[in-house]
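A look at the structure
Chain residues, written in single-letter form:
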Amino acid sequence: MIDAMAAQQQTELVATMRRHLAGALIAVDFDGTLAPIVADPGDSRLVPGAIEVLSTLSRAGAHVVIITGRDAATVVRLGGLDAVPGLRVAGLYGLETWHDGNLVRPDEPESIRSLRAQLPAVVAEHGMPGVRVEDKGLSLVVHTRRSPDPQGALAALRPPVARLARGLGLEAKDGRNVIELRLAGSDKGGVLRGVMRELDPVAMLYAGDDLGDLPAFAVVAQARAAGRDAWRVGVVSAEVPELADHIDVAVNGPAELVRLLQQVAEGAP
Ligand SMILES: [Mg+2]
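Summarised in this report is the structure supplied together with it. As the structure is a computational prediction, the values presented were derived from the model and not from experiment. (Residues numbered from 1 in each chain as written. Predicted model: local features only at pLDDT ≥ 70, side-chain atom pairs only at ≥ 80, totals over all residues. Heavy atoms only, no water.)

Some words on the pattern of salt bridges
This model, assessed by the stated rule, comprises 20 salt bridges. Close ionic contact of Arg232 with Asp248 constitutes a salt bridge, the shortest N to O distance being 2.8 Å. On the criterion of sequence distance, the pair formed by Arg232 in strand E11 (residues 229-235) and Asp248 in the loop between E11 and strand E12 (249-251) is long-range, its members being 16 residues apart. Assessed through its relative accessible area of 13%, Asp248 is described here as buried. Several salt bridges converge on common partners, so that one network encompasses Glu108, Glu110, Arg113, Arg116 and Asp135. (Salt bridge = Lys/Arg side-chain N within 4 Å of Asp/Glu carboxyl O. Helix = DSSP H or I, 4+ residues; strand = E, 2+ residues; numbered from the N terminus. Buried < 20%, exposed > 50% of the residue type's maximum accessible area, 1.4 Å probe, protein only.)

Here's what the structure looks like:
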């Protein structure tokens, strides 16, 4: 029964997005959504077919927007996304935007500089092997995926790291074997709301795989409740089981998301 309902949602998504493709909004997360999760974030790459389908959708008049916690320049470089015409990338939860080769980003605040100076010592103090810190410019991320016990390392590091962040007026957010430290008040829901206000899409979808996508899913749910053709597409995994409660359509991994987008793009010039 539940499977049949899910299949019906997917059929409706494809039919409606196709019908309103010119002017539709296709907003997607990057890591775990378009690019498989890898041990080293510097190794992440788009799944095959992603560039082609995003380009087709964009040429057909859809607004294609990547909303990510990473900095925009890195995501564009890793994904080869400058090949997609008209693409926008909202990086660092919307703190910066990249559009057609132009990057707009704010100056680095003092709190981030202090965090960069102090975080390595806090991580080292807990002596967890395999833990690394990723510097995203306007945010820093503690990764425990390469630790022998990722969940244990996360649990041990969360209190001291969160304390450091709080002391600097920053936010500490959990993700898939990561703790992300960033400026307060930025999330994917706020980014998506801004994009929707600007573009006023007739039909839309947002696709994501992680806890950081929940604020964006909440914005889509509001749009649905207000009668807009809007879908929450979850790229589901065993790592984030709670995602299932917040989505309309589930896909098993980035490759399956690309297949869904290919169905939407089918027949487009
Ligand atoms: Mg993700």
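Some remarks on the side chain of Asn177
By the element assignment, Asn177 lies in the loop between strand E8 (170-175) and strand E9 (178-183). Residue class for Asn177 comes out buried when judged on its relative accessible area of 9%. Asn177 has contacts with Val142, His143, Thr144, Arg145, Pro150, Gln151, Leu154 and Glu239, leaving out every residue within four places of it along the chain. (Contact = heavy atoms within 4.5 Å.)

Some points on the pairing of strand E3 (residues 88-91)
Inspection of the sheet shows strand E2 (residues 63-67) paired to E3 by three bridges, in the parallel sense. Across the sheet, the residue bridging to Ile67 is Ala90, located in E3. In the classification by handedness, the crossover that spans E2, the intervening helix H3 (residues 72-79) and the parallel E3 is right-handed. Relative to strand E4 (residues 96-99), E3 runs antiparallel, the two sharing four bridges. Along E4, the bridge assignment pairs Gly91 with Glu96. In this structure, the hairpin formed by E3 and E4 is closed by a connection of four residues, where Leu92 is found at a positive phi of approximately 50 degrees. (Pairing = 2+ DSSP bridges. Right-handed = clockwise from strand over helix to strand, strands pointing away.)

As for the nonpolar core
Membership of the largest hydrophobic core comes to 44 residues, with the highest contact counts inside it found for Leu13, Leu57, Ile66, Leu81 and Leu257. Broken down by element, the residue count for this core peaks at six residues, all from helix H8 (residues 254-265). Not counting the four nearest positions on each side in its chain, Leu13 is found in contact with Leu205, Trp231, Val233, Val249, Leu260 and Val264. Counting 21 residues, the second-largest nonpolar core is a separate cluster that includes Val65, Ile67, Ala216 and Val219. (Core = buried A, V, L, I, M, F, W, Y, C linked by side-chain atoms within 4.5 Å.)

Some thoughts on helix H4 (residues 110-125)
With 16 residues, H4 should reach 22 Å at 1.5 Å per residue; the first-to-last C-alpha distance of 23 Å fits that figure. Along its length, H4 reaches its greatest deviation from straightness, about 35 degrees, at Gln118, and the proline Pro120 lies no more than four positions downstream. Inspection of H4 places Ser111, Ile112, Ser114, Leu115, Leu119, Val122 and Val123 among the buried residues, and these make up the whole buried set. At its buried positions, H4 is contacted by strand E6 (132-135), strand E7 (139-143), helix H5 (150-167), E8 and E9. Residue Gly127 follows H4 closely and has a positive phi angle near 50 degrees. (Expected span 1.5 Å × (residues − 1). Bend = angle between axes of the 7 residues up to and from the residue.)

What about the pairing of strand E10 (residues 203-208)?
Along any regular strand, the residues point their side chains to alternate faces of the sheet. Of all six residues in E10, six are buried; the element is thus mostly enclosed. Burial along E10 is two-sided: Ala203, Leu205 and Ala207 and Met204, Tyr206 and Gly208, pointing in opposite directions, are all buried. Where E10 and E11 come together, six bridges link them in parallel fashion. Looking across to E11, one finds that Tyr206 is bridged to Arg232. Following the backbone out of E10, through helix H7 (residues 214-225) and into the adjacent parallel E11, one traces a crossover that is right-handed.

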